[in-house]
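Working through the structure, step by step
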Number of protein chains: 2
Amino acid sequence: VKNNKFGKVAIIGMGFMGGSLGHDLLKLKTCTHVTGLGRNLARLKKAKKARACTATSVNFEDGVKDADLVVISLPVLMIPAVFARIRPHLKKGAVVTDMGSTKSDIVSKIGEIDADRSFVGSHPMVGSEKTGIANLKPGLYKGGTCVVTPSGRTDKAAARVQAFWRALGMKVIVMKPGEHDRAVALISHFPHLMSFAGVSMAGEIINKAPEVIGPGFKDATRIAASNEDIWAEIFLSNKKEVLRCIDLAIEELENLSQAVYTNRVKELKDYIRKARLLREKVR
Amino acid sequence: VKNNKFGKVAIIGMGFMGGSLGHDLLKLKTCTHVTGLGRNLARLKKAKKARACTATSVNFEDGVKDADLVVISLPVLMIPAVFARIRPHLKKGAVVTDMGSTKSDIVSKIGEIDADRSFVGSHPMVGSEKTGIANLKPGLYKGGTCVVTPSGRTDKAAARVQAFWRALGMKVIVMKPGEHDRAVALISHFPHLMSFAGVSMAGEIINKAPEVIGPGFKDATRIAASNEDIWAEIFLSNKKEVLRCIDLAIEELENLSQAVYTNRVKELKDYIRKARLLREKVR
């Protein structure tokens, strides 16, 4: 990867994801200038000290004006409004992407105001239950998968966004926003929701007999240690698909309940065997 | 731990759990004689070759007659019948325990025929999604927790059973059978059931777009790669508590569905925060 292939990069939001991104961009020399933007000056200073950016600003309008590529790394519900705010100040030809966990809402809302076809949605699927610049993780993106959701209108910008994630060592998959949202509801959003519910149900055991908790429960609920502000917003921003998953899960649970109640051992074994074979396909 | 503190040990069922147990007993010199019992001679030979036992037999009656301590390492629904079969052949003063994942059914069924008060239920909570002697894991028990469920009638035998698990490096907790079953339904049986359901729901993604699956889903569903014969039986043997958990989960999901549907963001954040704080208590 050549220096400055992506010119100047601005990252809006220097938390765990944005900070780790800036750090890798500079370390891999994917670019030489990373402006870290945010509302909290003290936090931005920490990001600079951690080598997650080369410059900082609390003024988004000013901070994006020289950028060739802008990455919005903020909670999903804020992304369209922040795009609207920076749009008039973007350099001609600049490309904007995000790292939001849902795409339909963001892509359609931004599509309405994106006259220059500069925005292409991204979802680098690396995450962690960690938050904040203090947890910055070098190499976070390398080897992970990034879904990019061009809208047809934005194919040109999409090529640059795809190259950007590939330069960080990511595997890029192109999906339609709706297709992405259905997939992540099933493989991320619902598992998080169920993990929160599973931990809540076991609250008394966790408080009174924690010694009986084994590695299975720990693995199954690791993602329940995730940030409430981020996840409440993700559920709401992918409402349709999350509700669909909950309905589906209730149906599955009702069927399983009937099978257990009526001792249908063969049906249970078949159900579990199918799940096991599916799970064994996941590496 | 002195040699032969537990005399001769017989293990009925030389699969993953039984095989790993025999191996550790011999390696730690907790005892010098381990008879591996089972129905399949070829498998027993493999166990002996893997140093999981010093002798083998397919004749349970004959195999237990010299044993000071018998461990039944079989699927939960088989345990009471196997106890009934070996009981007339036990040496005077011999103690019998098991490794079943549920306790109420087993302890009450065996209690009815256990005139000598020789049986004390155990549940070493170490497990794995692995099965079979080929996956034998040295040190499987060390550092884990074992729940022992004496019935009051069996306090004397319970002391030996507790000492036995402690000699393997386990932490021992005493619980009532019903208390144990409620706890494991919440922290093991329901999480497994939900993990099977979560994988089933995501079947299409697993088959068609496996690249989007990240570490969160992998962790949350690792236990879905568990054996169907074992788990169908566990659900049925702990029916009352498993059904109670499913009802509870459906209630939680219905509440969460309403909160998402009506955009109750504060309620969602509070729910997730409480779950996160609980999960952070689990080490």
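Residues numbered from 1 in each chain as written. Chains lettered and ligands numbered in written order. Predicted model: local features only at pLDDT ≥ 70, side-chain atom pairs only at ≥ 80, totals over all residues. Heavy atoms only, no water.

A few points about the packing of aromatic side chains
Residue and element names in this part refer to chain A. Counted under the stated rule, the structure contains 12 aromatic pairs over all chains. Relative to Trp165, the ring of Phe164 has its centre 5.1 Å away and its plane inclined at 70°; by these criteria the two rings are edge-to-face. The same class applies to Phe164 as to Trp165, namely buried. Members of the aromatic cluster, each reached through a chain of ring pairs, are Phe6, Tyr141, Phe164 and Trp165. Positioned above the aromatic ring of Phe60, the side-chain terminus of Arg85 is 4.3 Å from the ring centre. (Phe/Tyr/Trp six-rings, centres within 6.5 Å; stacked < 30°, edge-to-face > 60°. Buried < 20%, exposed > 50% of the residue type's maximum accessible area, 1.4 Å probe, protein only. Lys NZ or Arg CZ within 6 Å of the ring centre and 35° of its normal.)

What to know about the sheet that holds strand S2 (residues 33–37) of chain A
Residue and element names in this part refer to chain A. Read across the open sheet, the 8 strands follow the order S3-S2-S1-S4-S5-S6-S7-S8; overall the sheet is mixed. One side of each edge strand has no neighbouring strand; the edge strands of this open sheet are strand S3 (55–57) and strand S8 (171–174). Direction aside, the axes of adjacent strands within the sheet are offset by 25° on average. With 4 bridges connecting them, strand S7 (residues 145–149) and S8 associate as parallel partners. Its bridge partner being in S8, Thr145 is matched across the sheet by Lys171. (Pairing = 2+ DSSP bridges. Helix = DSSP H or I, 4+ residues; strand = E, 2+ residues; numbered from the N terminus. Axes fitted to C-alpha atoms, helices over the stretch in contact; angles between N-to-C directions.)

Regarding the relation of the copies chain A and chain B
The operation relating chain A to chain B is a screw motion whose rotation component is 180°, with 0.0 Å of axial translation and a residual RMSD of 0.0 Å. Within this description, the copies of the chain are treated as partners about a two-fold rotation axis. Rotation axis and chain A: the residue whose C-alpha lies nearest the axis is Ala220 of chain A, separated from it by 1.9 Å. Interface residue correspondence from chain A to chain B reaches 100%, placing this contact among same-surface, isologous pairings. (Least-squares fit on C-alpha atoms with pLDDT ≥ 70 in both. Contact = heavy atoms within 4.5 Å.)

Describing the interface of chain A and chain B
Each partner contributes to the interface: chain A provides 77 residues, whereas chain B provides 77 residues. For the pair chain A and chain B, the summed buried area comes to about 7,400 Å², and 74% of that belongs to carbon and sulfur atoms. Where chain A touches chain B, the interface holds 6 salt bridges. Its salt-bridge partner being Glu228 of chain A, residue Arg276 of chain B comes within 2.7 Å of it at the nearest N-O pair. For the pair chain A and chain B, the interface holds 20 residue pairs in polar contact (both at pLDDT 80 or more). For the side of chain A that touches chain B, the secondary structure elements donating two or more residues are S7, S8, helix H7 (177–201), helix H8 (203–208), helix H9 (215–221), helix H10 (228–237), helix H11 (239–261) and helix H12 (265–281) of chain A. (Buried area = accessible area lost by both parts, 1.4 Å probe. Salt bridge = Lys/Arg side-chain N within 4 Å of Asp/Glu carboxyl O. Polar contact = N/O pair within 3.5 Å; in protein donor to acceptor, adjacent residues only side chain to side chain.)

Things to note about helix H7 (residues 177–201) of chain B
Residue and element names in this part refer to chain B. Given a rise of 1.5 Å per residue, 25 residues ought to cover 36 Å, and the 33 Å separating the end C-alpha atoms of H7 matches this to within 8%. At Ala185, H7 shows its largest bend, some 55°. Burial of H7 is extensive: 21 of the 25 residues sit out of reach of the surface. (Expected span 1.5 Å × (residues − 1). Bend = angle between axes of the 7 residues up to and from the residue.)

Points about the packing of H12 of chain A against H7 of chain B
H7 of chain B packs onto H12 of chain A with a crossing angle of 65° between their chain directions and a minimal axis gap of 9 Å. Handedness of the H12 of chain A/H7 of chain B crossing: left-handed. Of H7 of chain B, the residues touching H12 of chain A (which contributes Tyr271, Ile272, Ala275, Leu278 and Arg279 of chain A) are Phe196, Ala197, Val199 and Ser200 of chain B. Of the residues in the contact of H12 of chain A with H7 of chain B, the class split is 7 nonpolar, 1 polar and 1 charged. (Left-handed = near helix turned anticlockwise from the far one by under 90°. Nonpolar A, V, L, I, M, F, W, Y, C, P; charged D, E, K, R; others polar.)

Let's talk about the sheet that holds strand S3 (residues 55–57) of chain B
Residue and element names in this part refer to chain B. Taken in spatial order, the 8 strands of this open sheet run S3-S2-S1-S4-S5-S6-S7-S8, and their pairing is mixed. Each having just a single partner strand, S3 and strand S8 (171–174) make up the two edges of the open sheet. Shown here is a sheet whose adjacent strand axes are inclined to one another by a mean of 25°, direction ignored. Alignment of strand S5 (residues 95–98) against strand S6 (residues 119–124), held across 2 bridges, turns out to be parallel. If you follow Thr97 over to S6, its bridge partner there is Val120. On the sheet, helix H5 (residues 104–111) packs against S5, S6 and strand S7 (145–149) and is oriented at approximately 165° with respect to S6.

Description of the pairing of S6 of chain B
Residues and elements named next belong to chain B. Counting buried positions over the 6 residues of S6 gives 6, a clear majority of the element. Alternating positions in S6 separate into two faces, Phe119, Gly121 and His123 on one and Val120, Ser122 and Pro124 on the other, with burial throughout. Following the backbone out of S5, through H5 and into the adjacent parallel S6, one traces a crossover that is right-handed. Two strands pair when backbone bridges link them, and S6 and S7 are joined in this way by 4 bridges, in the antiparallel orientation. Across the sheet, Gly121 pairs through a bridge with Thr149, a residue of S7. (Right-handed = clockwise from strand over helix to strand, strands pointing away.)

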